Every structure is written in structure tokens, then in C-alpha cells.
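Understanding the architecture of this molecule
Chain by chain, the residues run as shown.
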Amino acid sequence: MQKPDFKEAKTTDKRPYVTKKFQLEKKYKNSFQGKTYFMKTYGCQMNEHDSEMIEAILQEMGFQKEENYEQADLILLNTCSIRENAHHKAFGMLGRCKHLKEKRPDLMIGLCGCMSQEEIVVEEVLKHYPFLNFVVGTHNFYKIPELLTTSLKEGLQVEVYSREQDLIEQIPMDRKATYKAYVNIIYGCDKFCTYCIVPYARGRQRSRKKEDILEEIKELITEGYQEVTLLGQNVNAYGKDLYESYGFGELLEDVAKTKIPRIRFVTSHPWDFTDHMIDLIAKYPNIMPSIHLPVQSGSSSILKKMGRRYTRENYLELVKKLKAKIPNLALSTDIIVGFPGESEEDFEETLSLVKLCKYDNAFTFIYSPRVGTPALKLKDQIEESVKEERLQRLNKIVNHYFLENNKKLVGTKQQVLIEGRSPKQKDAYFGYTETNKLVNIQGKDLPIGKIISIEIMEAKTWSLDGRAN
Ligand code: SAH
Ligand code: SF4
Ligand code: F3S
């Protein structure tokens, strides 16, 4: 049994890692033929993309997908630890699994994702959910075939490495869409913001080799994909651990040259955003003018306590540069309210920064204390009612700008990647603009998976209404 340990996760030594190729051992191929799985993914794009790989592995083992968890032979939860409510959701689901398991003793259940990396979660599972088949961490999810198979004979298998292991390439993927795809470029995070659990759950920063990334993108192009999203907790740090003079800018340019119609990337830490990157986004029409630039707070003193490594002024300067060089830029952000010690004045600085940046989209969160992170021990934790009230005030302002920005597009034509039919309306479709805005479109027989010109008719806070010509 290999359990996680945050102390070990925290050590910052850089270990050389090797790239290895995944191959499902012959004995596991189709070994679960006729069985079904249900997969529930909590968390960010990183987790969604991990699920695409885990599902492909399960399918190679012979499993078929089942949408109703009550019917499935295997239930797998790919969990997230970013905030406490993500924890509650996963444990709520485990509770439901417990009832099912009482009725169907042969039900198989597995836990993977970021929660598996937490000591407190593994202890809770050992105490209250020992009927699980396996708990596997983010660094070794590709070992599910072995762990599941062993568990059938020996019971619960816990294998969670505290530190990242080798970088595994060529894991199969069951991508959710046939026109847009996630492509990992860098794993882990070295920033250790004081509130955040991600560096513990995902390990040190490790870049994939540029050849592997470009090869994957070229394959996607041959398969007809229109859009790639380059993924990482901090994509701008790409290459720092691997190359002397090949960073995110160079990679972005090489990806742009593949001529894939749309390139997106998440997430950018303001600290590593260089002028070279801004120039490239402005230069290449296939790099989308849509940037997610989490600010977290508008107060320099709170940013310092958060360990974000930039001030309010640095951030505003960067936004100014971005807006000047990329005229049609859509800017989005993440904001945390109620970080320990946040005074009313600090919070008002966040509101004033929002008014200056006029974000197109913003994800706003109440600070959630995470076990193992330094911010947990800070004095002056803010009362829940104050956090709630601040969140509401903040949301009112961000929503105002979403609508205001959307209104500017009414009457214009936008290039939209058509993603599917509207679930609610007949003869209606939905898709996303270059600036990543959702458009609901009236039209007949629109080409799903293609980019077409759409006239914007109406603006709402979170979407646009458009018409195909
Ligand atoms: N790597 C990304 C963020 C990943 S987590 C970045 O640094 O930009 C996504 C968002 O969750 C963060 O931007 C932050 O706003 C929020 N978040 C992280 N930890 C949190 C916590 N303890 N409480 C509340 N929100 C948190
Ligand atoms: Fe978390 Fe900060 Fe890393 Fe983002 S940059 S994942 S907020 S530690
Ligand atoms: Fe959650 Fe892990 Fe992503 S904690 S936000 S799933 S990296």
C-alpha cells in the first residue's frame, strides 16, 4: 500500500524524469469484456483530459461506457480537491456507491484524481469505504488495469505516489469531441500559491517534449480537428524545466505554423507572460484572441500573502499591453474573495480592478481553506457571511461587464465553431466564437465541427444569440 504524503510532495528537488511509452499489457486486453463502467469527472480541464485517457484504457480492457451509475459494473470517480465543496460532492457520491454495493456486492468502485493525493482522503477511505477496489493517484492512473485486477483477489488497493514519476506518453485517448481537443503541454505546478493544493496533488512542473506535442497536434489535424487547447496549470512556464531557449512562445509559434485553425491555451500565470508571447498572439490569426489570466485579488498586499509574485500594478500593466496589442482580445480571470486578512479596502481594490479590466468572463470563488496549504494557518480567517456578501457584490459587477462586452458584438459577424444541436430548441445549434463566447444559433443543417460566419442578433450575460446566413 503506497499512501500519499504532503511533506514529500512539498520537497522541491528536481528529479530527472524519463519519458516512457504506455502499452496495455496483453493479459489486461479485453479482460473485462461484457462489463460496463460509469465515469464521473469533477474538476478542471486537466481532470477532464485525464478521464479521456482513463476511459480509453478501460475500453481497451473491454469495458463499455454506461451513462447510469446504478447500472454500471464499475464506478470510477475522477476527483478534484481545489475547494471543499468538490470534496463534499465526491464523498456524497461515495455514500451512494456504498448503498449500491450493499445491494450488489460485485460492484467495482475506484477513486482517482486529485483527492486521492490527499492523506486525509486516503485515511477516510480506509476507515469508512474499505469496500472500494482501488485508490490511485494522478501520477499513476495508467496503472488502473493492474490495480483493479489485483483488487478482485486481494481487496482494496491503494497506490498513490507523493511525487511525480516518469512522464508517460502515448496513453490512448477517448476524446469527447471530434473537432476540438485538449493537448497537455506541461504537468504539475511549481508556483505554490499559499491557498492552493494543486502543486501537492499534481507534482512539480514537467514539460512534455516539443516533438511529442507537435506530433500529437499533427495527428489531430489529419483527423480533421479544428481546435486545440494547450493545457497546463501554468502554460507560460512551458519548457523551463527542459530546454535552454525553447519556451511557451516558441512552442506557440510552432503550433501556429501547423495551421490548425484554432489554438487556445489555459492557464496563463501573469508572472511568466512575456512580450514575445503577446506579439505572437497578435501576429498569428489562428492563435485565438482569448486569454485566461487569473488575477485572484486586486490588492497588492493580499497578492503578496497569496504568494502570487506580482502586484496590482504589474497585472494592470500587463493587461494594458495585451489590450493594446490584441485589439479584439477577450480577457477572462479567476478571483478569490475572503482570503485570510482581506479587509473591506482590499476587497474594494478587487472591485476597482474589475472595473478597469472589464473582463469578458470571470470565475469567482470564496476562499476555501485546504489542509496542508500555508494559508490554512494564517490568522484573520474571514467570516463565512462576509465572504458570501463579498462574492455577491463581486458577481454583480463582473456580470455587468459580461453583458456590456457581449452587447458590443450585436450586429457583427463572428466566426463560430459549430459544436452541436441545441438541447432545447429545434433547428438551433450552439458554438463558440474566436473569443470563446457561447452563441446559440438559429439555422437548419449547420455543419457540426466546422467554423462558419454567424451574425450576432442579441446579447445576454452568458451567451449570444446568432443567425446563420
Ligand atoms: N493554475 C491556475 C489555476 C488552477 S485552480 C492558475 O494559477 O491560474 C483554478 C482556480 O481555483 C484558481 O485560479 C483560484 O482562483 C481557485 N482556487 C484555487 N485554490 C482555491 C482555494 N483554496 N479556495 C478558493 N479558490 C481556489
Ligand atoms: Fe495553484 Fe498557483 Fe499553481 Fe495556479 S499557479 S495551480 S493557483 S499554485
Ligand atoms: Fe481540481 Fe486537481 Fe484540477 S484539484 S482544479 S482537478 S488540478
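Residues numbered from 1 in each chain as written. Chains lettered and ligands numbered in written order. Predicted model: local features only at pLDDT ≥ 70, side-chain atom pairs only at ≥ 80, totals over all residues. Heavy atoms only, no water.

Notes on a nonpolar patch on the surface
Our working rule: Exposure above 30% relative accessible area and no salt bridge define the residues that can form patches, which grow by joining like charges within 9 Å and nonpolar side chains of Val, Leu, Ile, Met, Phe, Trp and Tyr within 5 Å. Exposure was quantified through the Shrake-Rupley algorithm and a 1.4 Å probe, taking into account, for residues, occlusion by the shown protein chains and nothing else. Salt bridge, as used here: a side-chain nitrogen of Lys or Arg that lies within 4 Å of a carboxyl oxygen of Asp or Glu. Numbering of helices and strands starts at the N terminus; helices are DSSP runs of H or I of at least 4 residues and strands are runs of E of at least 2. Only protein chains enter the calculation, and the probe is 1.4 Å; a residue is then buried if its accessible area is under 20% of its type maximum, exposed if over 50%, and partly exposed in between.
A surface patch of nonpolar side chains, about 230 Å² in accessible area, is lined by I120, V371 and L376. In this fold, I120 is placed in helix α4 (residues 119-128). Judged by relative accessible area, which is 40%, I120 ranks as partly exposed.

Considering the pairing of strand β4 (residues 74-79)
Heads up, the condition is: Two strands qualify as a pair provided DSSP detects at least 2 bridges between them.
Of all six residues in β4, six are buried; the element is thus mostly enclosed. Neither face of β4 is left uncovered, since the one carrying L74, L76 and N78 and the one carrying I75, L77 and T79 both have all their residues buried. Bridge count for strand β2 (residues 36-41) against β4 is five bridges, and the pairing is parallel. Bridging from a neighbouring strand, Y37 pairs with L74 of β4. Alignment of β4 against strand β5 (residues 108-113), held across six bridges, turns out to be parallel. From the neighbouring strand, L76 faces β5, where its bridge partner is G110.

Considering the pattern of salt bridges
Applying the stated criterion across every chain yields a total of 28 salt bridges. The salt bridge partner of E349 is R312, with a shortest N-O separation of 3.8 Å. Residue E349 is found in helix α12 (residues 344-357), and its partner R312 is found in helix α11 (residues 312-325); the two are separated by 37 residues along the sequence. Taking the relative accessible area as the measure of exposure, E349 reaches 31% and is therefore partly exposed.

Quick notes on the site of ligand 1
What counts, and what does not: Nearness here has a simple test: a residue counts as near a molecule or strand if at least one of its heavy atoms is within 4 Å of that partner. The definition of a polar contact used here is a pair of N or O atoms within 3.5 Å, where within protein one atom must be able to donate a hydrogen and the other to accept one, and adjacent residues in sequence count solely through side-chain atom pairs. Under the grouping applied here, Gly and all other residues not named as nonpolar or charged are polar, the nonpolar ones being Ala, Val, Leu, Ile, Met, Phe, Trp, Tyr, Cys and Pro and the charged ones Asp, Glu, Lys and Arg.
Close to ligand 1 lie 15 residues; Q233, P294, Q296, D334 and S368 are nearest. Between ligand 1 and Q233 there is a distance of 2.7 Å, counted from a nitrogen atom to a backbone nitrogen or oxygen. Relative to its free-state accessible area of 540 Å², ligand 1 is covered by the protein chains to the extent of 90%. For the shell around ligand 1, the secondary structure elements donating two or more residues are β15 (330-337) and β16 (361-366). Broken down by class, the residue content of the shell around ligand 1 amounts to seven nonpolar, four polar and four charged.

Looking at the site of ligand 3
Taken together, G43, C44, N47, C80, S81, I82, C114, R202 and Q233 make up all the residues around ligand 3. In terms of residue class, the shell around ligand 3 is built from four nonpolar, four polar and one charged.

Describing the domain arrangement of the protein
Selection criterion: Where each domain starts and ends follows an automatic or database-derived domain assignment.
Per the domain assignment, the segments of the protein are domain 1 (6-159) and domain 2 (413-468). Its C-alpha centre places domain 1 at a distance of 36 Å from the equivalent point of domain 2.

Here's the deal with the nonpolar core
For soluble globular proteins, the rule of thumb is that nonpolar side chains tend to be buried together. The test is simple: Only buried Ala, Val, Leu, Ile, Met, Phe, Trp, Tyr and Cys residues count toward a nonpolar core, and they belong to the same one when joined by side-chain atoms within 4.5 Å. The contact definition used throughout considers only heavy atoms, calling two residues in contact when any of these lie within 4.5 Å.
L230 and I291 are the most contacted members of the largest nonpolar core, which totals 69 residues. In terms of residue count, the dominant contributor to this core is helix α13 (residues 384-407) (six residues). Residues in contact with L230, not counting those within four places in the same chain, are V183, I185, I217, V235, F248, L252, V255, I263, R264, F265 and V266. Counting residues in hydrophobic clusters, the runner-up holds 27 residues, among them L94, L111, V122 and V125.

Focus on α13
Filter applied, for reference: A helix is expected to span 1.5 Å multiplied by its residue count minus one.
The terminal C-alpha atoms of α13, which comprises 24 residues, lie 35 Å apart, in line with the 34 Å expected from a rise of 1.5 Å per residue. Those residues of α13 not exposed but buried are K387, R390, L391, L394, I397, V398, Y401, F402, N405 and N406.

Here's the deal with empty space enclosed by the protein
We apply this condition: For cavity detection a 1 Å grid was placed over the protein atoms alone, and a set of points counts as a cavity when a 1.4 Å probe fits there but cannot get out; an open set counts as a pocket when protein lies on both sides within 12 Å along at least five of seven lines, with lining residues being those that have an atom within 4 Å of a point. Grid points are joined across faces, edges and corners, and a volume is the space filled by probe spheres set on the points.
Applying the stated rule across the entire model yields one cavity of 30 Å³ or more. In this model, the largest cavity occupies a volume close to 240 Å³. The wall of the largest cavity is formed by 16 residues, among which T138, H139, F141, Y187 and R206 lie closest to the centre. Looking at the lining of the largest cavity, the elements that each hand over two or more residues are α2 (45-60) and β8 (167-169). Looking at which element gives the most residues to the lining of the largest cavity, the answer is α2, with three residues. Classifying every residue of the lining of the largest cavity by side-chain character gives eight nonpolar, four polar and four charged.

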